[in-house]
Amino acid sequence: MRERFRAGDPTALGEAYDAHARVLFQYAYRMCGDRAAAEDVVSATFLEAWRCRGKVRAEGGSLRPWLFGIATNVLRGAAREARRRDAALARMPDRGVLPDFSDAVASRLADEERLRAARVALGRLRRREREVFGLVVWAGLDYATAGEALGVPVGTVRSRLSRARERLRALAEAELRAGRRGRGRRTDPAGADPLLSPSPPVSTGRTVLVPRTSPEKPA
């Protein structure tokens, strides 16, 4: 399939989309916290992959590591744009408090408080730690695939992930304590920590703007 994708075969694009779009969406959604933005990331990822298809090596396995690398770059660009937008808004006269999209997102998930704490804590990690955590824990990639996506050795992935887990747990718990002052603390009866667990399946309600070019395959 790599050879066909590299050669510009549109059916290869459709196959790649069918195989990888869902997991890319889950990764982007957990990283940016907004469904519409995550869908835009998926669209931009496949459009950029198609534009740069000549860079794909003909030999090799799945395109997933390469696609995750592109998605990570797209998220970096989106984060830079968000910072520029926030800086511009901060220079404007205050016209009231804008609603925070994170509340609407968190209401769709099982543990609203812990997701909010995770989002705040994740934003306080170093970018490299945040990317490794998102790829391995929330996107479910193995160390080798995450390393290929980021262009770093497996050992680097392991060390960054270890630091990310330690710092994220401490930051998230501190955020939870700050938000629960004066209220009773809830615990997960199953004992699992959703902050450090892989993301559950998340379905998208919008159509991602990448044309479908391959027929649906039977399950």
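Note: the structure precedes this text.
Everything numeric in this text was worked out from a predicted model, so none of it was measured.

Caption draft 1: Structural context of the packing of helix α7 (residues 127–138) against helix α8 (residues 143–150). Interhelical geometry of α7 versus α8 gives an angle of 135° and a closest axis separation of 9 Å. Judged on the interaxial angle alone, α8 and α7 are oblique. As α7 packs across α8, the resulting crossing turns out to be right-handed. Together, Glu 131, Val 132, Leu 135 and Val 136 of α7 and Tyr 143, Ala 146, Ala 149 and Leu 150 of α8 make up the contact between the two elements. Taken together, the residues of the contact of α7 with α8 sort by class into 7 nonpolar, no polar and 1 charged.

Caption draft 2: A look at the environment of Glu 48. Of note, Glu 48 is situated in helix α3 (residues 35–51). Separated by 26 residues in the primary sequence, Glu 48 and Val 74 have C-alpha atoms spaced 9.1 Å apart.

Caption draft 3: Here's a closer look at the pattern of salt bridges. For the coordinates displayed, the defined rule picks out 8 salt bridges. Residue Arg 126 is joined to Glu 129 by a salt bridge in which the shortest nitrogen-to-oxygen separation is 3.1 Å. Assessed through its relative accessible area of 2%, Glu 129 is described here as buried. For the salt bridge of Glu 129 with Arg 167, the shortest nitrogen-to-oxygen distance reads 3.1 Å.

Parameters and conventions
- Note on numbering: residues in each chain are counted from 1, in written sequence order.
- Note on the predicted model: pLDDT of at least 70 is required for a residue's local features to be given, and 80 or more for side-chain atom pairs to be given and counted; whole-chain, interface and lining totals, by contrast, use all residues.
- Think of the side-chain values as coming from all heavy atoms in the structure, minus any hydrogens and water.
- Interaxial angle, 0 to 180 degrees, is taken between N-to-C directions of lines fitted to C-alpha atoms, where a helix line uses only the stretch in contact.
- Runs of H or I in DSSP of at least four residues are treated as helices and runs of E of at least two as strands, each being numbered from the N terminus.
- If an angle is under 35 degrees, it is roughly parallel; if it is over 145, roughly antiparallel; if it lies from 65 to 115, roughly perpendicular; otherwise it is oblique.
- Helix crossings are classified by the rotation of the near helix relative to the far one: an anticlockwise turn of less than a right angle makes the crossing left-handed, while a clockwise turn makes it right-handed.
- Contacts are residue-level and defined by heavy atoms, with any inter-residue pair within 4.5 Å sufficient.
- Gly is placed with the polar residues, together with every amino acid not listed as nonpolar (Ala, Val, Leu, Ile, Met, Phe, Trp, Tyr, Cys and Pro) or charged (Asp, Glu, Lys and Arg).
- Whenever Lys or Arg places a side-chain nitrogen within 4 Å of a carboxyl oxygen from Asp or Glu, that contact is recorded as a salt bridge.
- For each residue, the accessible area found with a 1.4 Å probe, counting protein chains only, is set against the maximum for its type, and the residue is called buried under 20%, exposed over 50%, and partly exposed in between.

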